[in-house]
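Understanding the architecture of this molecule
The chain contents come next:
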Amino acid sequence: MNSRELVLRAVGNHAVPRIPWVPFCGVHSASLIGRTATECLQDTDLAVAAQSRAIELYRPDGIPVLFDLQIEAEILGCPLKWSDDNPPAVIGHPLEDGVCDIADLRLPEPSDGRIPILVEATRRLREKFPEIALYGLITGPFTLALHLLGTGIFIRMYDQPEETEQLLDFCADVGRRMSDFYIDAGIDIVAVVDPMTSQIGPEQFTQFCQAPAAAIFNHVREKGKASSFFVCGHAQQNIEVMCECGCDNISIDENIPLDYVRELCRKKGVSFGGNLQLTVVMLTGTTDDNRRNALECMEIGGSKGYILSPGCDIPFATPPENIQAIVEMVLDEYKRQVAREMVRTSAEAEMRFDMTEYGRGDQVVVDIITLDSEACAPCQYMVESVKKVTPEFEGLVVWREHKIKYRESIAFMLSLMVRNIPTICIDGQITFVSRIPRREELIGAIQKRINEKLKIRIGRQNRIIRVVGQPDEACLELRENVRQALNELGSAVKYEEIEDPEQFVRHGVATTPAVTVVRQTLKSEGQVPPVVVIKEWLKQLEE
């Protein structure tokens, strides 16, 4: 049984002699030939060369031709922002911006946009690698609709459901047309990639997405090809309804427990794939981390109807040796046995920040923990939702994106106990998990925190810390320590200096330098307390 047969048998939910391995190499393949994502996604020769190199290094059983969920959007009028190390990002929405109406949209033609590139790349890879399963990735209906309409689609689902259904029907038509291009060029499996469905619940999915998705999967089946429904993000609530769309396979990422998907898919008679950890392990982990993660997935997935794969497009800068470590686990039983016996201490457990004082400053801090807003559609739209509302709180709110493809961002994520991507935290508190909040919700959550801080600030107005003593060397050092403590805490406690000896006794001070706090509580006398001690006094004032 060759690799192609192995994948197709697993996708068909049959037992296989070995778990098939499908690395979703997209822009990462460009790095293997020293090219940028932009170059490889716009040039047939480079696209084929990049995937050929990935096949040579990673010995996959299946691989996508391209991984770019903006091909259809670009053809339909969405402006793109290109990147050297990510697929392009949609930066404009023609239906939202008034560029066109739904009635103006037209189905793609073979010569449109980058369709000639994906078709020719498929043909060449099919000829070059006849024993490897080729995946044709198309943009799912809901994600394509969001590209066209923007986040306003979440409001229109309630206010204008019929128009929303009309848009999704059109997007399903686009999906069928794109499937035909791939199938005619020699693809084995059509993967409908719809990450934005992670942002809705099963009722909304059933109402708006089930019929359009089913239309694509039925079409693919009629063409005699297999299909996969590919969703990333925290979409656990939708797995059951996804299984009812007529797809052959469900592919998920690390946000969803693999054992949960296994049990549900087996009940529904659907095969499944995933969920190697993209960033914490594949991008920034060690080779041992990758062996361990691959082994865990394989033991959970089992040998029937399971495909080992990452949950999304492998990041551009992923070290090749990490992916090759996964290949060892797939192809070498002896190395799997060795890996089972190894006892490792995860480096992640030591990556923690002290967040006990986070959010004490005057401004409200909104942190968005993402995979990468330039590469992940749910992440992109969550970041956009924050960017759109923060100008209404000028000077009161700051926002930051933490891309977990960087180790410091992983440490930040773990320190806040964030487990799902993307997530919004407000002043260090997890607020919106894997769900893009409605504008009113986000504004309300930020305003609530501003009000809380205002109450605290009013309560601090009569709180004072004083340095008592004439400005000799010891007193000057103490003043500097107090100022540093105030700055490090971002404290609003009032600071005063008392230099008049006649005032010392009134403050209960006999020996200087000294520190008093509100109500003249004596905190030190005759010594220079360190910054850490002063910070504790300030915290007591702020409680």
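You'll find the structure just up there.
Here is a short report on the structure shown in this document. None of these values were measured; they are calculated from a predicted model. (Residues numbered from 1 in each chain as written. Predicted model: local features only at pLDDT ≥ 70, side-chain atom pairs only at ≥ 80, totals over all residues. Heavy atoms only, no water.)

**Quick word on the sheet that holds strand S11 (residues 397-403)**
What the four strands build is an open sheet, ordered S11-S10-S12-S13; its pairing is mixed. With partners counted over all chains shown, the strands left at the sheet margins are S11 and strand S13 (429-433), one partner each. Taken pair by pair, the neighbouring strands of this sheet meet at an average axis angle of 25 degrees, ignoring direction. Judged from the four bridges that link them, strand S10 (residues 364-370) and strand S12 (residues 423-426) form a sheet pairing that is antiparallel. Looking at S12, one finds that Ile 369 is bridged to Thr 423. Running at roughly 165 degrees to S10, helix H17 (residues 377-389) makes contact with S10, S11, S12 and S13 of the sheet. (Pairing = 2+ DSSP bridges. Helix = DSSP H or I, 4+ residues; strand = E, 2+ residues; numbered from the N terminus. Axes fitted to C-alpha atoms, helices over the stretch in contact; angles between N-to-C directions. Contact = heavy atoms within 4.5 Å.)

**Focus: the sheet that holds strand S6 (residues 226-230)**
Spatially, the seven strands line up as an open sheet ordered S1-S4-S5-S6-S7-S8-S9, and their pairing is parallel. Across the chains shown, the open sheet's two edge strands, defined by having one partner strand only, are strand S1 (62-64) and strand S9 (306-310). On average, adjacent strands in this sheet sit at an angle of 25 degrees to one another, irrespective of strand direction. Of the strand pairs in this sheet, S1 and strand S4 (residues 133-139) are connected by three bridges, and their pairing is parallel. Across the sheet, Ile 63 pairs through a bridge with Leu 134, a residue of S4.

**Describing the nonpolar core**
Within the largest apolar cluster, 161 residues are counted, with the highest numbers of intra-cluster contacts made by Tyr 135, Phe 142, Phe 229, Ile 250 and Leu 308. It is helix H9 (residues 161-185) that provides the largest number of residues to this core, a total of 11 residues. Setting aside residues up to four positions removed in sequence, Phe 229 forms contacts with Val 192, Asp 194, Phe 205, Ala 213, Phe 217, Met 242, Cys 245, Cys 247, Asn 249, Ile 250 and Ser 251. Within the second largest apolar cluster, 15 residues are counted, among which are Leu 478, Val 493, Val 515 and Leu 538. (Core = buried A, V, L, I, M, F, W, Y, C linked by side-chain atoms within 4.5 Å. Buried < 20%, exposed > 50% of the residue type's maximum accessible area, 1.4 Å probe, protein only.)

**Let's talk about the pattern of salt bridges**
For side chains of opposite charge, pairing can occur when their charged atoms come near one another. In this structure the tally under the stated criterion is 37 salt bridges. With a shortest N-O distance of 3.0 Å, Glu 328 and Arg 291 are connected by a salt bridge. Here the residue Glu 328 occupies a position in helix H15 (residues 320-331), and Arg 291 occupies one in helix H14 (residues 287-301), the gap between them amounting to 37 residues. Given the relative accessible area of 24%, Glu 328 is considered partly exposed. Residue class for Arg 291 comes out buried when judged on its relative accessible area of 19%. A salt bridge links Arg 479 to Glu 499; the shortest N-O distance between them is 2.8 Å. Of the two residues, Arg 479 sits in helix H20 (residues 473-489) while Glu 499 sits in the loop between strand S15 (494-498) and helix H21 (501-504), which places them 20 residues apart along the sequence. (Salt bridge = Lys/Arg side-chain N within 4 Å of Asp/Glu carboxyl O.)

**Let's talk about the side chain of Arg 336**
Looking at the secondary structure, you find Arg 336 in helix H16 (residues 333-341). Excluding its chain neighbours within four sequence positions, the residues that come into contact with Arg 336 are Leu 295, Met 298, Met 329, Val 330 and Leu 331.

Geometric descriptors of this kind do not, in isolation, establish any biological role.
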